[in-house]
Amino acid sequence: MAQSSPATQAIVRLKTADLSFDPKNPRFFRLNNASDDNAVIEEMLDDEGVQDLMASIGQQGFFEGEPLLVTEEGGKLIVVEGNRRLAAVKLLNRELEPPKRRRASVEGLRDEADVNAPHELPCIEYPSRKEIMRYLGYRHITGIKEWDSLSKARYLTDIRQQFYPGLEQAEQMKAMAKDIGSRPDYVAQLLTSLGLYIKAEEASFFELPMEAKDVEFSYLMTALSYKNITDWLGLEGRTDVEMPRLNAANLKRAFSWMFPKDQQGNTILGESRNLKVMAAVVSNQDAVRILEDTGKLSEAYLYSEGPEQALIHALEEAQKRVKIAWNMLPETKPLTEQHLELAETLFEDTKSIRNHLRNKLED
Amino acid sequence: MLTALDAPPKPSDPLFWTDFVELRALVHPDRCYSRGDLLGLLSRAKDTDGDGRRSRDGGSESGEARWRDIAHFAEGRAHQFAGAYPFRISVDGDTLELLEATSLNQNAYLCLLLSSLMRHVPKQRQGELARFFEKASHTVFRRLMPEGAEVHPTWAGGGEGVRYRETLYEKMQAISKDIRCTANFTERDFKENDRGDGGIDLVAWHPMADQREGIPAAFAQCGCSKEDWSFKQLEASPTKHSRHLPAMHPWATYYFMPLDLRHADGDWAYKSDIGQAIIVDRLRLIRLSHQYGLFSEWPHLPLIDEVRKTEYA
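Conventions and cut-offs
- Residues numbered from 1 in each chain as written.
- Chains lettered and ligands numbered in written order.
- Predicted model: local features only at pLDDT ≥ 70, side-chain atom pairs only at ≥ 80, totals over all residues.
- Heavy atoms only, no water.
- Helix = DSSP H or I, 4+ residues; strand = E, 2+ residues; numbered from the N terminus.
- Rg over C-alpha atoms; globule rule 2.2 N^0.38 Å.
- Buried < 20%, exposed > 50% of the residue type's maximum accessible area, 1.4 Å probe, protein only.
- Contact = heavy atoms within 4.5 Å.
- Areas by Shrake-Rupley, 256 points an atom, 1.4 Å probe, with all protein chains shown as cover.
- Lys, Arg positive; Asp, Glu negative; His and termini not counted.
- Charge placed at Lys NZ, Arg CZ, Asp CG, Glu CD.
- Core = buried A, V, L, I, M, F, W, Y, C linked by side-chain atoms within 4.5 Å.
- Domains from an automatic or database assignment.
- Axes fitted to C-alpha atoms, helices over the stretch in contact; angles between N-to-C directions.
- Parallel < 35°, antiparallel > 145°, perpendicular 65-115°, else oblique.
- Left-handed = near helix turned anticlockwise from the far one by under 90°.
- Buried area = accessible area lost by both parts, 1.4 Å probe.
- Pairing = 2+ DSSP bridges.

On to the overall build of chain B, then. Counting secondary structure elements, chain B contains eleven helices and eight strands. Taken over the C-alpha trace, chain B has a radius of gyration of 21 Å; the compact-globule value for 313 residues is 20 Å, and the two agree within 12%. Along the first, second and third principal axes, the C-alpha set of chain B runs to 65 × 40 × 35 Å. Relative to its full complement of 313 residues, chain B shows a buried share of 56%. Sequence separation of 24 or more characterises 66% of the internal contacts of chain B that already satisfy a separation of 6 or more. Working note: accessible area of chain B is about 13500 Å², and carbon and sulfur atoms make up 49% of it. Mean positive and mean negative side-chain charge positions of chain B (40 and 46 charges, respectively) differ by 2 Å.

Printed below as a string of structure tokens:
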């Protein structure tokens, strides 16, 4: 016979003071005494990041659509599902106090809460633990599928428009960060990235040979982590949501390097780690010009600090490598003819460089 | 006042991650930093950092492994730095806590920690941190040289008593006289108006009770960068300067760095990158200062007081 799912059970409101943490909760396996509330609270604060949840509940209240799942054992109402939320509420409503070392941050979160902490929570009561257990595995092992960064940014844009249109920008970021249990600068970086995306989309991606599906939004997020890139784009930093001084020509350049694919399916950027190289390139006009002319990031990079510096780097790098080879000599046995041949080639190449430099300097 | 506190280090070595977590504990309102804090940070970082960390630290399992490495490394530091280590790992292993009262030697540790994390210090304050580190290195270097040795910094701004002044050319000439060799360079070998240090921050020599050539000498370079040390360590070495300064006996080369350049097992990290310079890293600076009672002579760093008042969760 089919079992009844949690959704078919009635929701009741129970006092938080009557609700106990589940000593058998897998989260608490590290604890010596999982029946001790103090030990549970310490674990929640140190290991489970319950502070993020406190900020969110303090900002928007407890989400009634997600009741705690409860059963009675040994005369106590045990919360089998929802221990983290219960800990956040019990800390916010001062039913429980944090350990001494966590007092400052918990007091801060209590002070900042806009909504009074509840003393009752929506719960679904089950006759036994067994009926809840099978639902927990998917939730806590596989988990809810996290949105990608573009989805997160679009969601936050909606939240901003619907709930915080009248606030100053800094307050908006702070409020949304609390809503999602994150940080204001992270929220602002998501929105700034989305702002760049929308500017490009409105300009039909600058008529570049690309479509919306070619945009890897996480590249925009990552690019904003480099100051050279934000400066070059005319942004105040990675959190310049309104971007009043955006340099549209450079945004077009950035898009042209990051997203359009050639016939082999390659972009000029290649992979995300090359954003670091791109950040170096945009700091130098010569390097940008070389990149525009050649479409080769590695070539442009050599000019990012000017050709003179590029040569110094190359020679220093070579010197370092030679030093490593020198240090290997005593330990390497046997030394072979191949080693000698390579050393002789190296010697001749180095001599050519030296002679070229000498001749040029003497001219 | 610090920057990029949500940007974890790029290299994966525990020495860099432990530094980062120590800094986060230092500025956290609770003066501690936990595994849960780190997992939250890594979760955010995977959206903002495409430098390869997405795959390495995306899941909570890898974050937990990262924390285990950090806690293990911090325990090792507590043992190695002994009384100078201003943190402790909680009994349950999930939190790094700043000790409440920090002594002179623990404060010195914190100053070196901050010097190792220059990327989190605003550009306009990096100069004072670099100068602090040079002066602290000078204090230790002076004591390392034998009795009777002359030890002088080459940096500018030291007032009347500064030995090496004006352009790099003039400084190098003065150095050649001090180490008793005939300078093999002319003014045009240097960039015009170069007032740098030529890669030499500290110069030491023993006069050997006469005026003849062939005296023991040592040059030192100080550097805070976690990337540049592998090539900067040779900036003060005979490899770079012996042609200009043909001394009868090659000088010893020291490189001072605030990094704790060790693996968890205590051996040098990046050993293959260590060249002919004698590396004086965080552990050596702290232990030598303890051994010779030098902490009271360390320069004051007002920046560390400001950082300690910072609150960033």
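Before going further, it helps to examine the overall build of chain A. When you go through chain A residue by residue, the secondary structure sums to 16 helices and five strands. Taking 2.2 N^0.38 as the reference for a compact globule, 363 residues should give roughly 21 Å; the C-alpha atoms of chain A span a radius of gyration of 30 Å, well beyond that estimate. When the backbone C-alpha atoms are referred to their principal axes, chain A occupies close to 95 × 60 × 50 Å. Burial analysis of chain A (363 residues in total) assigns 44% to the buried set. Sequence-distant contacts, at least 24 apart, represent 65% of the contacts inside chain A between residues at least 6 apart. The positive charge centre, built from 46 side chains, and the negative charge centre, built from 59, are 3 Å apart in chain A.

Ranked by internal contacts, the top residues of the largest apolar core, which has 64 residues, are Phe87(B), Leu96(B), Leu114(B), Phe141(B), Phe256(B) and Trp298(B). Composition of this core by domain shows at least three residues from each of domain 1 (14-101) and domain 2 (124-300) of chain B. Among the nonpolar cores identified, the runner-up in size contains 55 residues, and Met173(A), Tyr186(A), Leu233(A) and Leu291(A) belong to it.

So, about the packing of helix 6 (residues 123-144) of chain B against helix 10 (residues 282-291) of chain B. Residues and elements named next belong to chain B. Following both chains from N to C, one finds helix 6 and helix 10 inclined at 55°, their axes separated by 10 Å at the closest point. In this view, helix 6 runs oblique relative to helix 10, as classed from their interaxial angle. Classified by chirality, the crossing of helix 10 by helix 6 is left-handed. Judged by residue contacts, Phe133, Ser137, Val140 and Leu144 of helix 6 engage Leu285, Leu288 and Ser289 from helix 10.

We now examine the domain arrangement of chain B. Residue and element names in this part refer to chain B. Domain boundaries assigned for chain B yield domain 1 (14-101) and domain 2 (124-300). Of note, the centres of domain 1 and domain 2, computed from C-alpha atoms alone, are 33 Å apart. With ten residues of domain 1 at the interface, the matching set in domain 2 holds twelve residues. Carbon and sulfur atoms supply 64% of the area buried between domain 1 and domain 2, which totals about 1100 Å² over both sides.

This part covers the sheet that holds strand 1 (residues 32-34) of chain B. All names here are of chain B. Taken in spatial order, the three strands make up an open sheet running 1-3-2, and their pairing is antiparallel. Taken across any chain shown, the strands that pair with only one partner, and hence form the sheet edges, are strand 1 and strand 2 (87-89). For this sheet, the mean angle separating the axes of adjacent strands, direction not counted, is 15°. Bridge analysis of strand 2 against strand 3 (residues 95-98) gives three bridges, and the strand direction is antiparallel. For Ile89, the partnering residue across the bridge sits in strand 3 and is Leu96.

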